[in-house]
Amino acid sequence: MILSHRDYVKERKFSADVVVVGTGAGGAVAGAELAAAGRDVLFIEEGSWFSTDSFNPYSTESVPRLYRDAAATVIFGTPPIPYVEGRCVGGSTTINGGMAYRPPARVLEEWSEVAPDLGERALEPLFERVEKVVHVGAQLPESIGEDNRIMTEGARKMGWSYTVNQRNQEACVGANNCGLGCPTGAKQSTLVSYMPKAMKSGARCLTELRVQKLLIEGGRAVGVVARAIDPETRKLGVEVVVRARAVVVACGAVQTPFLLLQHKLGRPSRQLGKNFLCHPNAKVLAVYPRDVQAWRGVSQSAQIRHFHEDGILMAENFVSPSILGAYLPVHGDLAWELMQRYNQMVLSGVLVEDSSSGTVSRGFLGTPYVRYDITPLDHQRFLRGVRLLAEMHFAMGADYVVLPFFNQHVARSVDELAKIDELQRHPSTLELFTPHLMGTARMGARPEASVVDLSGQVWDLPGLYVADASLFPTAIGVNPQITIMALATRVAERLELARAAA
Amino acid sequence: MSDEHGVFEDSRVQRKSLPVSTADGIARHPRDGWKLARPYPLGTRARRTLRALIVTLCPSAPAPSSPELFDRVELHVRHFMSYMHPLAARGFWLCLMLLDWAPRLLFVSVKRLHALGRKRTSELLGEMVHGRFSFLRTLVVAVRGLVLSAYFDQEEVHRAIGYRPVPFLTERRDRRRLLLAPPPVEVRVGGVR
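Residues numbered from 1 in each chain as written. Chains lettered and ligands numbered in written order. Predicted model: local features only at pLDDT ≥ 70, side-chain atom pairs only at ≥ 80, totals over all residues. Heavy atoms only, no water.

Chemist: Please explain the overall build of chain B as it appears in this structure.
Modeler: Scanning chain B from N- to C-terminus turns up eight helices and zero strands. Starting at the N terminus and ending at the C terminus, chain B contains elements arranged as α-α-α-α-α-α-α-α. Every one of the 193 residues in chain B was classed for burial, and the buried ones make up 46%. Once local pairs closer than 6 in sequence are excluded, the contacts in chain B between residues at least 24 apart make up 62%. (Helix = DSSP H or I, 4+ residues; strand = E, 2+ residues; numbered from the N terminus. Buried < 20%, exposed > 50% of the residue type's maximum accessible area, 1.4 Å probe, protein only. Contact = heavy atoms within 4.5 Å.)

Chemist: I would appreciate a short explanation of empty space enclosed by the protein in the present structure.
Modeler: Empty space among the atoms can be located by rolling a probe the size of a water molecule over them. For the coordinates displayed, the defined rule picks out six cavities of 30 Å³ or more. Computed from the structure, the largest cavity encloses a volume of approximately 130 Å³. If you trace the largest cavity, you find 13 residues lining it, with Glu46(A), Gly47(A), Ser48(A), Arg234(A) and Trp34(B) closest to the centre. Looking at the lining of the largest cavity residue by residue, the classes come out as six nonpolar, two polar and five charged. Quantified by volume, the second largest cavity comes out at close to 70 Å³. Along the lines of polarity and charge, the residues of the lining of the second largest cavity split into nine nonpolar, three polar and no charged. (1 Å grid on protein atoms, 1.4 Å probe; cavity = no way out; pocket = protein on both sides within 12 Å on 5 of 7 lines; lining within 4 Å. Points joined across faces, edges and corners; volume = space filled by probe spheres on them. Nonpolar A, V, L, I, M, F, W, Y, C, P; charged D, E, K, R; others polar.)

Chemist: Which parts of the structure should I look at to understand the packing of aromatic side chains?
Modeler: Summed over the entire model, instances satisfying the criterion amount to 13 aromatic pairs over all chains. Measuring from ring centre to ring centre gives 5.0 Å for Tyr151(B) and Phe152(B), while their planes differ by 90°; the resulting arrangement is edge-to-face. Of the residues examined, Phe152(B) reaches a relative accessible area of 0% and is grouped as buried. Ring pairing ties together the aromatic residues Trp295(A), Phe318(A), Tyr342(A), Tyr163(B) and Phe168(B), which thus form one cluster. Directly above the ring of Phe258(A) sits Arg362(A), whose terminal nitrogen or CZ lies 4.1 Å from the centroid. Here the basic side chain of Arg412(A) rests over the ring of Tyr400(A), its NZ or CZ set 4.8 Å away from the ring centre. (Phe/Tyr/Trp six-rings, centres within 6.5 Å; stacked < 30°, edge-to-face > 60°. Lys NZ or Arg CZ within 6 Å of the ring centre and 35° of its normal.)

Chemist: What exactly am I supposed to notice about a nonpolar patch on the surface here?
Modeler: Residue and element names in this part refer to chain A. A cluster of nonpolar side chains, Val 74, Phe 76 and Tyr 369, forms an exposed patch at the surface whose accessible area comes to about 230 Å². By the element assignment, Tyr 369 lies in strand β18 (residues 368–371). The class of Tyr 369 is partly exposed, set by a relative accessible area of 31%. (Patch = residues over 30% accessible without salt bridge, like charges linked within 9 Å, V, L, I, M, F, W, Y side chains within 5 Å. Areas by Shrake-Rupley, 256 points an atom, 1.4 Å probe, with all protein chains shown as cover. Salt bridge = Lys/Arg side-chain N within 4 Å of Asp/Glu carboxyl O.)

Chemist: Help me understand a negative patch on the surface in this model?
Modeler: All names here are of chain A. On the surface, a cluster of negative charge is made up of Glu 109, Glu 110, Glu 113 and Glu 120. A total of three residues in the negative patch trace back to one element, the largest contributor, which is helix α3 (residues 105–114). By the element assignment, Glu 113 lies in helix α3. The exposure class assigned to Glu 113 is exposed, which follows from its relative accessible area of 66%. (Lys, Arg positive; Asp, Glu negative; His and termini not counted. Charge placed at Lys NZ, Arg CZ, Asp CG, Glu CD.)

Chemist: Looking at this model, I keep getting lost on the side chain of Thr23(A). Mind explaining?
Modeler: Residues and elements named next belong to chain A. Among the structural elements, Thr 23 can be located in the loop between β2 (13–21) and α1 (27–36). Reaching out from Thr 23, the side chain makes a polar contact with the backbone nitrogen of Gly 90 at a distance of 3.1 Å. Ignoring any residue separated from it by four or fewer positions in sequence, one finds Thr 23 in contact with Ala 28, Phe 43, Glu 45, Cys 88, Val 89, Gly 90, Gly 91, Thr 190, Met 195 and Cys 205. (Polar contact = N/O pair within 3.5 Å; in protein donor to acceptor, adjacent residues only side chain to side chain.)

Chemist: For this particular structure, what's the right way to read the pairing of strand β11 (residues 220–229) of chain A?
Modeler: Within a regular strand, side chains alternate between the sheet's two faces. Residues and elements named next belong to chain A. Counted residue by residue, β11 has eight buried out of 10 residues, so it is predominantly covered. The pairing of strand β10 (residues 209–217) with β11 spans eight bridges and is classified as antiparallel. Bridge pairing links Val 211 to Ala 226 in β11. Adjacent in sequence and paired antiparallel, β10 and β11 are bridged by two residues, among which Gly 218 carries a positive phi angle near 60°. Between the antiparallel neighbours β11 and strand β12 (residues 236–249) lie six residues, among them Arg 234 with a positive phi of about 65°. (Pairing = 2+ DSSP bridges.)

Chemist: Where do I start with helix α10 (residues 376–395) of chain A in this structure?
Modeler: Working note: α-helix, 3.6 residues per turn, so residues spaced by three or four point in the same direction. In this model, α10(A) (20 residues) spans 28 Å end to end at C-alpha, consistent with the 28 Å of a helix rising 1.5 Å per residue. One or two residues past the end of α10(A) sits Gly397(A), with phi positive at roughly 100°. (Expected span 1.5 Å × (residues − 1).)

Chemist: What am I meant to see in the confidence of the model for chain B here?
Modeler: Regions with low pLDDT carry predicted coordinates that are not meant to be interpreted in detail. All names here are of chain B. Here chain B averages 84 in pLDDT, and 83% of its residues register 70 or above. Across residues 1–23, confidence stays below pLDDT 50; counting only partners more than four residues off in sequence or on other chains, it has 58 contacts. Predicted as a complex, the structure gets a pTM of 0.93 and an ipTM equal to 0.93. (pLDDT = per-residue confidence, 0-100.)

Chemist: I keep staring at the environment of Gly77(A) and nothing clicks. Help me out?
Modeler: Residue and element names in this part refer to chain A. Tracing the chain through its elements places Gly 77 in the loop between β4 (73–75) and β5 (81–83). The exposure class of Gly 77 is buried, given its relative accessible area of 17%. Sequence-distant contacts of Gly 77, defined by excluding residues within four places in its chain, comprise Arg 371, Tyr 372 and Asp 373.

Chemist: For this particular structure, what's the right way to read the state of the cysteines?
Modeler: One covalent bond between the sulfur atoms of two cysteine residues makes up a disulfide. All names here are of chain A. The tally for this structure, following the rule as stated, stands at zero disulfides over all chains. The thiol sulfur of Cys 88 is not disulfide-bonded, and the nearest other cysteine sulfur, from Cys 205, lies at 11 Å. Overall, Cys 88 belongs to the buried group, its relative accessible area being 0%. Cys 251 takes part in no disulfide bond, and the closest cysteine sulfur to it belongs to Cys 205, at a distance of 13 Å. (Disulfide = S-S within 2.5 Å.)

Chemist: How should the packing of helix α2 (residues 44–57) of chain B against helix α4 (residues 86–105) of chain B be read in this particular structure?
Modeler: Two quantities define a packed helix pair, namely the angle between the axes and the distance from one axis to the other. All names here are of chain B. At a minimum axis distance of 9 Å, the contact between α2 and α4 shows a crossing angle of 70°. Here α2 is positioned roughly perpendicular relative to α4, judged by the angle of their axes. The residues of α4 that touch α2, namely those facing Arg 45, Ala 46, Thr 49, Leu 50 and Leu 53, are Trp 93, Leu 96, Met 97, Leu 99 and Asp 100. The residue makeup of the contact of α2 with α4, split by class, is seven nonpolar, one polar and two charged. (Axes fitted to C-alpha atoms, helices over the stretch in contact; angles between N-to-C directions. Parallel < 35°, antiparallel > 145°, perpendicular 65-115°, else oblique.)

Chemist: Please explain the interface of chain B and chain A as it appears in this structure.
Modeler: Contacts between the two partners involve 78 residues from chain B, matched on the other side by 80 residues from chain A. Linking chain B with chain A are two salt bridges, by the criterion used here. Residue Glu232(A) is joined to Lys35(B) by a salt bridge in which the shortest nitrogen-to-oxygen separation is 3.4 Å. Counting only elements with at least two residues in the side of chain B that touches chain A, the list comes to α1 (4–10), α2, α3 (67–83), α5 (118–129), α6 (134–151), α7 (155–161) and α8 (165–180) of chain B. Per element, the largest residue contribution to the side of chain B that touches chain A is 10 residues, and it comes from α8(B). The class makeup of the residues in the side of chain B that touches chain A is 38 nonpolar, 21 polar and 19 charged.

Structure (structure tokens):
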């Protein structure tokens, strides 16, 4: 059963064994596992359920359909960092690039110090399980675009190691529309993998509902109160109440603490909303003297991992003209001059593993307030990463590169890159972006140091579980979806065990 | 496995109000029952400023630049505003108002931005975006990002820059169908293949 806003006029009360808030990498996986174990699962999703064949390359319609707040979301700090999250069935897995990486061994070693349950050996079977469901593997060679060839050839030329990406895809032919929904169904987002599996096991899904608060009775979470969203006016309408024996919150590292903070949870450690991590990215756009047509072929077929131990990752990630248009550093005829060479562009990025953390709190008038500042170490990592990536593009014959600094947008030669150190003395000149939000309800073995226990249950509210990227004890330095899926599987298993014991 | 329609048929669907796309091509507005929200209500003054900003931020001829195209850009910006958090949408409106008054507030001109003319407005926005004040920079970057994103999503602009996504995506979709199709069954007639 899949319902949308118009159905709640008639039906406003539901009950289930487990209510799962969110259908992304965390919620869909936890819900599907519980449904497969015979539990009556009910999903609540703020966005709508869109079918694969409705996805198109037009951002003016796709972004409002698929992204939270039409992607007008920002992390405050120095510098401010725009971030994006999915708001549709499948969550951010519907709009991500489809990278499917496990965390590096050194990260899992660090996690095992928090609890052995979070170590490599304990998580191995979970990774294997989710990788099988979402078909993790390398791309078909014919799906790889010319821009990726330039990147890998460039890495080889510079003597850098690179890794062929593992992606959650099945027969991906390189449509390169990942960010606006995969129109071929190849990308195994939870929309086409875990959610159908859950529905097959009898789960129900209430879409176009925003959860407003938790229902707490006798010191236990017993459900949620949500309100329907009118798709035409975007106003909140009728109230819907869902009662359940357990509540799983999987709304992402911003919305999950935002919901939980309302109930003043996380008291034992006061860590709820803290430890916000976001893997900030900086874009380096290279313009070549020849046609590349980077939009023809899969985005991100490989990553340059030569500097990964230093917390720097580099990759290609080409986007449609309208998404690129949103990040142009110029306007008017200069923007046109630049975009006339759209077919000659290669868009690449530098991802930096956080060396510090930020916070999520409840801001004015019902908005989450996210605060994060770049540290001097990360600033230096960005300067180094951008310079290296730009040097690689020049080595590959780029005419010029567009840099992510508001006071130094163009470099036409390697010599001009030397000015980076001179001009970029403060992080405020950086132009960053992020799709990876993590770590605001960290998992742990001790209530005084974490928000949830090792089964994902909130220490100070029995019956309430978290199953999303909020659980991460530290940043992982790679794309997080597979790790979220593995931890959500763990949460479902332990919740199921707890229910069976009860 | 990847076909959610098949799953709906199998699942215990009691009532399905889910819109299922009937689009046979790659449509800008898929016919799946989904409605785009109403454009965000803006008053005359805010619309006048937004229009002046659109004319300035978007390229001029020979780039596609008709009044009808600018109408569409304006409409898309207002649609986007409807999907923003109400506080962010209100903030965007305030941003438009502040930009309109910016020439006076910065002692650049006695005229407001909407009356400044394209060239002068462009210079002023350029100065603001490279200036010392991060607040002003953020105002311009926010409006510029939204306007240029809508502009570079238009068909005539796609054609002008050589981006043809629909035939490409259609071809890739067909290619994947072929890849996943079962191998053809051999037919033998009278012992002759």
